[in-house]
Amino acid sequence: MGEFCRIARDCHTIMREADNTTKTLLDWYRCHGRTLPWRAAPGQCAAAYRVWLSEIMLQQTTVQVVVPYFNNFLARWPALPDLAVAPLDDVLHAWRGLGYYARARNLHRCAQELMRAHDGVFPEDERVLQSLPGIGPYTAAAIVAIAFQRSAVVVDGNVERVMARLFAVETPLPRAKAEIKGHAETLTPEADAGDYAQAVMDLGATICTPRKPQCQACPVSKRCRAFALGAPERFPVRVPKPKKPLRKARIFWITRTGEAGRPEVLTRRRPMRGLLGAMTEFPSTPWRVVDQSGGPGSCRHASTAEKSNRWRLSGQVVRHSFTHFNLELEIALAPVTGVRRERLDKLGAWVPVDQLDQYPLPSLMQKVARVCLDNAP
Ligand code: SF4
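Summary of the structure given here.

Conventions used here
- Residues numbered from 1 in each chain as written.
- Predicted model: local features only at pLDDT ≥ 70, side-chain atom pairs only at ≥ 80, totals over all residues.
- Heavy atoms only, no water.
- Salt bridge = Lys/Arg side-chain N within 4 Å of Asp/Glu carboxyl O.
- Helix = DSSP H or I, 4+ residues; strand = E, 2+ residues; numbered from the N terminus.
- Buried < 20%, exposed > 50% of the residue type's maximum accessible area, 1.4 Å probe, protein only.
- Axes fitted to C-alpha atoms, helices over the stretch in contact; angles between N-to-C directions.
- Parallel < 35°, antiparallel > 145°, perpendicular 65-115°, else oblique.
- Contact = heavy atoms within 4.5 Å.
- Nonpolar A, V, L, I, M, F, W, Y, C, P; charged D, E, K, R; others polar.
- Lys, Arg positive; Asp, Glu negative; His and termini not counted.
- Near = heavy atom within 4 Å.
- Pairing = 2+ DSSP bridges.

### Concerning the pattern of salt bridges
Now for step 1: Considering all chains together, one arrives at 17 salt bridges under this definition.
Now for step 2: With a shortest N-O distance of 2.7 Å, Arg269 and Asp89 are connected by a salt bridge. Taken together, the residues Arg269 in strand E2 (residues 263-269) and Asp89 in helix H5 (residues 88-95) connect sequence positions 180 residues apart.
Now for step 3: With a shortest N-O distance of 3.2 Å, Glu328 and Arg319 are connected by a salt bridge.
Now for step 4: Residue classification places Glu328 among the buried residues on the basis of a relative accessible area of 13%.
Now for step 5: In the salt-bridge network here, residues are joined through shared partners; they are Lys23, Asp27, Arg30 and Asp192.

See below:
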């Protein structure tokens, strides 16, 4: 009986501490929460369309970058039905610069699916939301909590960091994800779940930052184990990442003189699925992984020694970092005339150089275009 009472008392203490932490965070959010264009005032539900759009944009992208894109999308497509009927190319074009273009394609597909199968209304069930294109467990939980103020465990990068510190989670990420979600669950309230989720996100973004967290200004520092240990930056514990592979290729800036003497460049559309899917690019050789061992010549562009009377190397290399690899593109300039022009017509579409900004060109290709235009004779 004595043991039972002790366990019951400990459980009660833990639950009371969790309630206090949650209440403290909710109070803090009401005074210090960030004002963002997709948010409603504390205590109110935000529009599901805005929550969904912002959460998709915020994946792998900072708030500062997202705000102008969000405002532009909302001005062009104020409601779900507007986005669903928009041409995909327009959506991709408006997404230019945000990266991770699969998000834009899924956003468009999801809008169409919501119109077709859900009468244009966002479901309030996490599992149903997760059956839609581009909506994973995190985004589904965020929509349920923030748009409907229903209890859902929302764990993004900021929340992950705050939980790992509050509970001093020693298990390294990504193995710690389930443990961290368990801790997040103990703090998630039944009511005001959206405000609570946004409170933790804001704490992570403004106070419990990855470097130099401002623990002195933190509303929950008294309950933070990492703070008590005097080592907040040690959490979350991470396994060191392996070095990214390097890929190299040669990219061709193939130009001709079009109608009325306007310079045109050859472009093509990338495959619908996969990296930069459906975006516009310039033709290139395959992006091959190269040996980075440091041996003689191991990192040189494979065919630097090649010569051609059809193109010349500009001597410049465009570098870009993707999530899983780094890329180096060696630029070859190739002005064409005569018979070869017709053969090249089959490879893609000629676009007037001064109209390139009307095409869905990813940041990488925009970089290539800038370098080539700087090199134009
Ligand atoms: Fe983060 Fe410091 Fe607050 Fe702990 S006390 S949650 S480490 S800001």
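### Thoughts on the packing of helix H9 (residues 157-166) against helix H11 (residues 193-206)
Now for step 1: At a closest axis distance of 8 Å, the pairing of H9 and H11 adopts a crossing angle of 80°. The angle between H9 and H11 places the two elements in the roughly perpendicular class. The residues of H11 that touch H9, namely those facing Asn158, Val159, Arg161, Val162 and Met163, are Tyr196, Val200, Met201, Leu203, Gly204 and Ala205.
Now for step 2: Classifying every residue of the contact of H9 with H11 by side-chain character gives eight nonpolar, two polar and one charged.

### What about the side chain of Arg165?
Now for step 1: Within the secondary structure layout, Arg165 lies in helix H9.
Now for step 2: With no salt bridge to any partner, buried Arg165 finds its closest opposite charge in Glu233, at an N-O distance of 5.8 Å.
Now for step 3: Apart from the residues within four sequence positions on either side, Arg165 is in contact with Cys208, Thr209, Pro210, Pro213, Cys224, Arg225, Ala226, Pro232, Glu233 and Phe235.

### Considering the site of the ligand
Now for step 1: Neighbouring the ligand are the residues Arg165, Ile207, Cys208, Cys215, Cys218, Ser221, Cys224, Phe227 and Pro232.
Now for step 2: Class assignment for the residues of the shell around the ligand results in seven nonpolar, one polar and one charged.

### Overview of the pairing of strand E1 (residues 246-257)
Looking along a regular strand, one sees the side chains alternate between the two faces of the sheet.
Now for step 1: The element E1 is extensively covered by neighbouring structure, given that ten of its twelve residues are classed as buried.
Now for step 2: Looking at chain direction, E1 and strand E6 (residues 326-335) are connected through ten bridges and run parallel. Its bridge partner lying in E6, Ile254 is registered against Ala334.
Now for step 3: As defined by bridge partners, E1 adjoins E2 across three bridges and the pair is classed as antiparallel. Residue Thr257 lies in a different strand from E2, and its bridge partner there is Pro263.
Now for step 4: Here E1 folds back onto E2, and the loop between the two strands holds five residues, one of which, Ala260, carries a positive phi near 55°.

Just geometry here; none of it tells us what the structure is for.
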